[in-house]
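So you can see what is in the structure, the chains are spelled out below.
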Amino acid sequence: QAEGEGEAGFPLGWESLLVVHFWAPWAPQCAQMNDVMAELAKEQPQVSFVKLEAEAVPEVSEKYEISSVPTFLFFKNSQKIDRLDGAHAPELTKKVQRHASSGSFPPSGNEHPKEDLSLRLKKLTHAAPCMLFMKGTPQEPRCGFSKQMVEILNKHNIQFSSFDIFSDEEVRQGLKTYSNWPTYPQLYVSGELIGGLDIIKELEASDELDTICPKAPKLEERLKVLTNKASVMLFMKGNKQVKNSKMVLFVISFDTFDILEDEEVRQGLKTYSNWPTYPQLYVKGELVGGLDIVKELRDNGELLPVLKGEN
């Protein structure tokens, strides 16, 4: 390890923006994102870009919870300020531009005015209808109480988002005062504190939990929402930047869903649409078909009217 460098070669006291790409040589999407980074490096010469082979630095990957590639971490003043999971070139560009143009990240959370912290905590507790502040993540809880809380919520099919208090010491300490609740986990519904594990267990025992917390939508309802998310929806392997599907629609605005990122949707949509393969194209929630159907419509001059919903 070189003098003046932190773990894995991260420069100590780095004031300008540092973007670290955790990648793998076997993943084609990583190679494509490396090309994107090279272009961004030309556009943003003041930003430093670093590539780390995730499997070659397991301790660092574990510390920063790198569970898939590509993953990008953003640092300022030796502090992690942001993260991006997946091969999303437009989002990476936006984050680099935003953080490169912003001022230096405060070296200590104590420099934030209390009003700013209270506003931030209010936004966090309202970030989803049901918010769980826990140690770790639902996939990898880092304490027994948080693990039990996640198990109860999942058992009751409750839809919730979570915040890992280990990822932000300011939030970890500030929320105790904000909520007047000294321990974790903490569960919020519509921004209001419900309580910790003991309270949730009491609500479960009295059959009140199901009436207080929002239920996760059934798969069929979720698929209906997804297929209607945009006027033209393409369910594909990859996304607009990582084209593992051959169906590409340059002629009209459309949205995509990467089925490789959600196995439940990937399998469920086959039954929902009675169509066994991908890609699948939907217009106004209705299945048009797969690649062969789209090619046939294109060759017959019918594709554009279909995409515009004229047929």
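See the structure printed just above.
Residues numbered from 1 in each chain as written. Predicted model: local features only at pLDDT ≥ 70, side-chain atom pairs only at ≥ 80, totals over all residues. Heavy atoms only, no water.

1. With respect to the pattern of salt bridges
Stage number 1. Summed over all chains, the structure comprises 15 salt bridges.
Stage number 2. Salt-bridge contacts for D262 lead to R222; the nearest nitrogen and oxygen are separated by 2.6 Å. Linking D262 in the loop between strand 10 (255-258) and helix 10 (263-273) with R222 in helix 9 (residues 219-227), this pair joins segments that are 40 residues apart in sequence.
Stage number 3. You can call D262 buried: its relative accessible area is 16%.
Stage number 4. Among the salt bridges present, the one from R222 reaches E264, with a minimum N-O distance of 3.2 Å. Linking R222 in helix 9 with E264 in helix 10, this pair joins segments that are 42 residues apart in sequence.
Stage number 5. Through salt bridges that share partners, D82, K95 and R98 make up one connected network. (Salt bridge = Lys/Arg side-chain N within 4 Å of Asp/Glu carboxyl O. Helix = DSSP H or I, 4+ residues; strand = E, 2+ residues; numbered from the N terminus. Buried < 20%, exposed > 50% of the residue type's maximum accessible area, 1.4 Å probe, protein only.)

2. What about the nonpolar core?
Stage number 1. Of all hydrophobic cores here, the largest spans 16 residues; its most connected members are L132 and L187.
Stage number 2. In terms of residues, this core owes the most to one element, helix 5 (residues 144-155), which gives 4 residues.
Stage number 3. Excluding its chain neighbours within four sequence positions, the residues that come into contact with L132 are M149, V150, L153, F160, S161, S162, F163, P185, Q186 and L187.
Stage number 4. Core analysis: the second largest hydrophobic core is formed by 15 residues, A27, C30, A54 and V69 among them. (Core = buried A, V, L, I, M, F, W, Y, C linked by side-chain atoms within 4.5 Å. Contact = heavy atoms within 4.5 Å.)

3. Let's talk about the sheet that holds strand 4 (residues 79-85)
Stage number 1. On the basis of which strands lie adjacent, the open sheet formed by 4 strands has the order 2-1-3-4 and mixed pairing. Looking at the sheet topology across the chains shown, the edges are occupied by strand 2 (48-53) and strand 4. Averaged over all pairs of adjacent strands, the angle between strand axes in this sheet comes to 20°, irrespective of strand direction.
Stage number 2. Across 5 bridges, the pairing between strand 1 (residues 18-23) and strand 3 (residues 71-76) is antiparallel. Directly across from H21, in strand 3, lies its bridge partner F72. (Pairing = 2+ DSSP bridges. Axes fitted to C-alpha atoms, helices over the stretch in contact; angles between N-to-C directions.)

4. Details of the packing of aromatic side chains
Stage number 1. If you walk through the whole model with that rule in mind, you get 5 aromatic pairs.
Stage number 2. Ring centres of F133 and F163 lie 5.8 Å apart, and the angle between their planes is 40°; on these two criteria the pair is classed as tilted. Here F163 lies in strand 6 (residues 161-164) and F133 lies in strand 5 (residues 130-134), a separation of 30 residues in the sequence. The exposure classification of F133 matches that of F163, with both residues buried.
Stage number 3. With a centroid separation of 5.4 Å and 75° between ring planes, the pair formed by F133 and Y188 is classed as edge-to-face. Within this pair, whereas F133 is found in strand 5, its partner Y188 is found in strand 7 (residues 186-189), the two being separated by 55 residues in sequence.
Stage number 4. Classification of F133 as buried rests on a relative accessible area of 0%.
Stage number 5. Members of the aromatic cluster, each reached through a chain of ring pairs, are F133, F163 and Y188.
Stage number 6. When the ring centre of W23 is taken as origin, the NZ or CZ atom of K51, which lies over that ring, is 5.6 Å away. (Phe/Tyr/Trp six-rings, centres within 6.5 Å; stacked < 30°, edge-to-face > 60°. Lys NZ or Arg CZ within 6 Å of the ring centre and 35° of its normal.)

5. Describing the packing of helix 1 (residues 28-43) against helix 3 (residues 89-101)
Angle between the axes and distance between the axes are the two parameters that describe a pair of packed helices.
Stage number 1. It is the contact of helix 1 with helix 3, at a shortest axis distance of 11 Å, that shows an interaxial angle of 30°. When the axis of helix 1 is compared with that of helix 3, the two are roughly parallel. Like other packed secondary-structure pairs, helix 1 and helix 3 cross with a definite hand, here right-handed. Contacts between helix 1 and helix 3 involve M33, V36, M37 and L40 from the first element and A89, L92, T93 and V96 from the second. (Parallel < 35°, antiparallel > 145°, perpendicular 65-115°, else oblique. Left-handed = near helix turned anticlockwise from the far one by under 90°.)

6. Structural notes on the pairing of strand 7
Stage number 1. Because side chains alternate across strand 7, one face comprises the buried residues Q186 and Y188, and the other comprises L187 and V189, equally buried.
Stage number 2. With 4 bridges joining them, strand 5 and strand 7 adopt antiparallel strand pairing. Looking across to strand 7, one finds that L132 is bridged to L187.
Stage number 3. Inspection of the sheet shows strand 7 paired to strand 8 (residues 192-195) by 3 bridges, in the antiparallel sense.

7. Topic: the sheet that holds strand 11 (residues 280-283)
Stage number 1. Here we have 4 strands laid out as an open sheet, ordered 10-9-11-12, and mixed in their pairing. The strands lining the two open edges of the sheet, one partner per strand, are strand 10 and strand 12 (286-289). Taken pair by pair, the neighbouring strands of this sheet meet at an average axis angle of 30°, ignoring direction.
Stage number 2. For strand 11 and strand 12, the ladder comprises 3 bridges, and the chain directions are antiparallel. Within the sheet, the bridge partner assigned to V283 lies in strand 12 and is E286.
Stage number 3. The sheet contacts of helix 9 involve strand 9 (232-236), strand 10 and strand 11, and relative to strand 9 the element is tilted by about 120°.
Stage number 4. Relative to strand 11, helix 10 is tilted by about 60°, and along the sheet it contacts strand 9, strand 10, strand 11 and strand 12.

8. Structural notes on the packing of helix 9 against helix 10
Stage number 1. Contact geometry of helix 9 with helix 10 gives a least axis separation of 10 Å together with a crossing angle of 90°. It follows from the interaxial angle that helix 9 and helix 10 lie roughly perpendicular. Contacts between helix 9 and helix 10 involve L219, E220, R222, L223, K224, L226 and T227 from the first element and E264, V265, G268, L269 and Y272 from the second.
Stage number 2. Here the residues of the contact of helix 9 with helix 10 are counted per class, giving 6 nonpolar, 2 polar and 4 charged. (Nonpolar A, V, L, I, M, F, W, Y, C, P; charged D, E, K, R; others polar.)

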